[in-house]
Amino acid sequence: MGLISSVNIRPGVNVLSVLPHLNYKAWFALAEFVDNAIQSSIDHRRELRATSGKDYKLRVDVDFNPTEGTITVTDNAAGIASADYQRAFRPAEIPPDASGLSEFGMGMKSAACWFAPNWSVRSTALGERTERTVFFNIDKIVHDSIEELNVVSTDVAAGTHGTEIRLERIRKFPRGRTIPKIKEHLASIYRVFIREGLLELYVDGERLDHEDPAILVAPSYRDADGPPIEWRKEIAIDLGDGKSATGFVAIREIASTRLAGLALFRRKRLIMGSADEAYRPEDIFGRPNTYPYQRIFGEIHLKGFFVSHTKDGVKWEESEEAFLRKLRQELSGEALPLIQQAREHRTRSGAKAARKEAAEALQATAASLSEATLQADHEDPPQSADQPPLSNDASQHDLPEIASGDREEAEVRLRFRNEPWVVRLELSYAEDDADWLIIRNRPSITDPEPREILVRIAMLHPFMSQFPTLDSEGFSAVLKVAAALALAEVAATELADRHPSAVRRFTNEILKTQMSRRMING
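Rules used in this analysis
- Residues numbered from 1 in each chain as written.
- Predicted model: local features only at pLDDT ≥ 70, side-chain atom pairs only at ≥ 80, totals over all residues.
- Heavy atoms only, no water.
- Helix = DSSP H or I, 4+ residues; strand = E, 2+ residues; numbered from the N terminus.
- Buried < 20%, exposed > 50% of the residue type's maximum accessible area, 1.4 Å probe, protein only.
- Areas by Shrake-Rupley, 256 points an atom, 1.4 Å probe, with all protein chains shown as cover.
- Pairing = 2+ DSSP bridges.
- Salt bridge = Lys/Arg side-chain N within 4 Å of Asp/Glu carboxyl O.
- Axes fitted to C-alpha atoms, helices over the stretch in contact; angles between N-to-C directions.
- Core = buried A, V, L, I, M, F, W, Y, C linked by side-chain atoms within 4.5 Å.
- Contact = heavy atoms within 4.5 Å.
- Parallel < 35°, antiparallel > 145°, perpendicular 65-115°, else oblique.
- Nonpolar A, V, L, I, M, F, W, Y, C, P; charged D, E, K, R; others polar.
- pLDDT = per-residue confidence, 0-100.
- Polar contact = N/O pair within 3.5 Å; in protein donor to acceptor, adjacent residues only side chain to side chain.
- Phe/Tyr/Trp six-rings, centres within 6.5 Å; stacked < 30°, edge-to-face > 60°.

What is the right way to read the overall build of the protein from this model?
Looking only at helices and strands, the protein has 18 helices and 22 strands in total. Counting only residues that meet the buried cut, the protein has 51% of its 522 residues in that class. Carbon and sulfur atoms make up 49% of the accessible area of the protein, which amounts to about 25500 Å² in all.

I tried to follow unusual backbone geometry on my own but got confused; where do I start?
Trans is the common state for peptide bonds, and a negative phi is the common state for residues other than glycine. The backbone of Ser145 shows a phi angle near 50 degrees, a positive value even though the residue is not glycine. Along the polypeptide, Ser145 turns up in the loop between α6 (138-144) and β6 (148-155). For Lys268, which is not a glycine, the phi torsion comes out positive at approximately 70 degrees. Mapped onto the elements of the fold, Lys268 is located in the loop between β14 (261-266) and β15 (269-272).

It is not clear to me how the pairing of β6 should be interpreted in this structure. Could you clarify?
One face of the sheet, then the other: side chains in a regular strand alternate in exactly this way. Where strand β1 (residues 6-8) meets β6, three bridges bridge the pair, whose relative direction is antiparallel. Note that in β6 the partner of Ser6 across the bridge is Asn150. Of the pairings in the sheet, the one linking strand β5 (residues 130-137) to β6 comprises five bridges and is antiparallel in character. Across the sheet, Thr133 pairs through a bridge with Val152, a residue of β6.

What exactly am I supposed to notice about the pairing of strand β3 (residues 70-75) here?
Burial analysis of β3 places five of its six residues in the buried class, the great majority of the element. Looking at chain direction, strand β2 (residues 58-65) and β3 are connected through six bridges and run antiparallel. Directly across from Asn65, in β3, lies its bridge partner Thr70. Where β2 hands over to β3, the hairpin turn is made up of four residues, of which Gly69 adopts a positive phi near 70 degrees. One ladder, built from five bridges, connects β3 with strand β7 (residues 162-168); its direction is antiparallel. Following the sheet pairing, Asp75 is matched in β7 by Thr163.

Explain the pattern of salt bridges here, please?
Two side chains bearing opposite charge may form a pair once their charged atoms approach each other closely. Enumeration over the complete set of coordinates arrives at 33 salt bridges. Close ionic contact of Arg122 with Glu131 constitutes a salt bridge, the shortest N to O distance being 3.0 Å. Residue Arg122 is classed as partly exposed on the basis of its relative accessible area of 31%. The closest approach of N and O atoms between Arg166 and Glu168, which form a salt bridge, is 3.9 Å. Given a relative accessible area of 29%, Glu168 falls into the partly exposed group. Members of the salt-bridge network, linked through shared partners, are Glu32, Asp35, Arg269 and Lys311.

Can you help me understand the sheet that holds β14 in this one?
Strand pairing within a sheet occurs via backbone hydrogen bonds; the two strands may be parallel or antiparallel. Strand order in the open sheet made by the five strands is β12-β13-β16-β14-β15, with mixed pairing throughout. Edge positions in the sheet fall to β12 (232-240) and β15, since each of these pairs with one other strand and no more. Pairs of neighbouring strands in the sheet enclose a mean axial angle of 25 degrees, with direction left out of account.

Could you clarify how one ought to interpret the nonpolar core in this entry?
Most often, soluble globular proteins have nonpolar side chains that are buried together. Counting 68 residues, the largest nonpolar core has Phe115 and Tyr190 as its most contacted members. Of all the elements, helix α2 (residues 26-43) adds the most residues to this core, at 10 residues. Ignoring sequence-local partners within four residues, the contact set of Tyr190 consists of Ala31, Val34, Asp35, Ile38, Leu199, Leu201 and Arg269. Met459, Ala482, Ala492 and Phe506 belong to the second-largest nonpolar core, a separate cluster that totals 37 residues.

Is there a simple way to think about the sheet that holds β7 in this case?
The nine strands are arranged β1-β6-β5-β4-β7-β3-β2-β8-β9 in an open sheet whose pairing can be described as mixed. Each end of this open sheet is capped by a strand with a single partner; those strands are β1 and β9 (206-207). Sitting on the sheet, α2 touches β2, β3, β7 and β8 (199-203), and the angle it makes with β2 is about 160 degrees. Lying over the sheet, helix α7 (residues 178-189) contacts β2, β8 and β9, oriented at roughly 170 degrees with respect to β8.

In this structure, what is going on with the packing of α2 against helix α3 (residues 45-52)? I would like to understand it.
The geometry of a pair of packed helices is captured by two quantities: the angle between their axes and the separation between those axes. Interhelical geometry of α2 versus α3 gives an angle of 80 degrees and a closest axis separation of 5 Å. Our classification of the angle between α2 and α3 gives roughly perpendicular. Along the contact surface, α2 presents Ser41, Ile42 and Asp43, while α3 presents Arg45, Glu47 and Leu48. Looking at side-chain class alone, the contact of α2 with α3 contains two nonpolar, one polar and three charged residues.

Got a minute to help me understand the confidence of the model for the protein in this structure?
As a general rule, the predicted coordinates of low-pLDDT regions are not to be interpreted in detail. Taken residue by residue, the protein gives an average pLDDT of 84. The fraction at 70 or more is 84%. Confidence drops under pLDDT 50 across residues 376-397; counting only partners more than four residues distant or on other chains, this segment forms 42 contacts. Of the regions scoring below 50 in pLDDT, residues 517-522 engages in 12 contacts with residues more than four places distant in sequence or in other chains.

What is the right way to look at the side chain of Ser123 in this model?
One can find Ser123 in strand β4 (residues 118-124). Residue Ser123 is classed as buried on the basis of its relative accessible area of 1%. Within the structure, the side chain of Ser123 is placed 3.4 Å from the backbone oxygen of Gly162, a separation counted as a polar contact. A polar contact of 2.9 Å, which involves the side chain of Ser123, links it to the side chain of Thr163. Residues in contact with Ser123, not counting those within four places in the same chain, are Gly79, Ile80, Tyr85, Thr130, Glu131, Arg132, Gly162 and Thr163.

Quick question: what am I supposed to make of the packing of aromatic side chains here?
A ring pair, where both rings are aromatic, is described by two values, the distance of the centres and the angle of the planes. Enumeration over the complete set of coordinates arrives at 11 aromatic pairs. With a centroid separation of 3.9 Å and an interplanar angle of 5 degrees, the aromatic rings of Trp119 and Phe136 are classed as stacked. With Trp119 in strand β4 and Phe136 in strand β5, this residue pair connects regions lying 17 residues apart in the sequence. Note on accessibility: Trp119 and Phe136 belong to one class, buried.

Encoded structure:
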């Protein structure tokens, strides 16, 4: 083992100045350091177990220090050997074996420069008793065209091994929600290594784990009374020229718009589809408002493909179209029609799970309509000669009462065509509602003057189940259309026989004068 006093980083001077502009995301940049640690532990597994015991397990710690503005990544892998030092710090120096996770000779350098202008690497190689530290000041290196960096060496105890990367003066320090997002993505990226017990990954002292979603077990949509089936299919696709795709695709037991989708791996490391950024080609998943989009998930391991130098994208070349075509054929096969099952399977848990959001949208919609009515009272159009005044003798509709636990309700008071109205909006979660929209029209019991309309929407109706991704704005739009239709029907009751367009005309008028965003925003 020779004494190392410096490392040559040529031709890194110009390259290092470009690295901060790479299109990284924080979790993929951090993943570069984890990749190096994993590869080191794989390459030296036998020696590490001989030194640290047969129970040796790779541990990587990522720690954020907002007070000092630093990020450190520490591992107990085999460290950087003296024979590899010159190569390790030269940008784009491809390692002798590029078949693993360290393949471009750029990961550590590109990620560190992307994060910070100042960083250092402190490492002790397995079997060596010297700790070596190299300091990078990118601005100074570029300005002074420095081609060699000094190495600071210190003696350490026998058996010491591992690497620490310290990033300082972070350009954009992760804060708030970014830290939990980083944890979620790193756990997703390294799920296979974590699952196989090859890696313990910690962020700010928290050990990361990836929770696999439960798989749907249910009868086929073609036979609702048939035997339960686990909706998971093993995939093995040969794409020729040494390229293949293997793994599984399944249906989630509980749908998730955010987390459904495919995760694409190469060499056990996720390349595309981590956490909430899943790979969801429309050929398989359809559009965002469909059930396959929020139900199908899976893990696909690619072989024979190249990836981007930031390892967050697959270089498909001409293969993606063939892959998707064959995958769709696999998932549409008669034996286990997984896509069709995802599309047709119905569960009441979806609507019930979204009940809180729907209730909040109901209250917000009622409040906004009432406020808009107060602002727009003077804008009610006068009744023309060919539009007779509305009477309170509209037909009655007896509706069964619904237990309070099966409904959400709100009240809106408004004026339409110079008459006061009380509109009670009700979301029904009772299982025996046959119609999506039903109304009851009657005078108020306490005050005969306002017309009182009960508008009941069946939230478990098959029509509603077609829109699993409705957010609060979507619920609000549905409520407004339902209320407008109900009001228009009552208003047009005595005109319907002679003027079939009355319902449409009144609906348009109500939506414009009572329920448009323009009116709500004043």
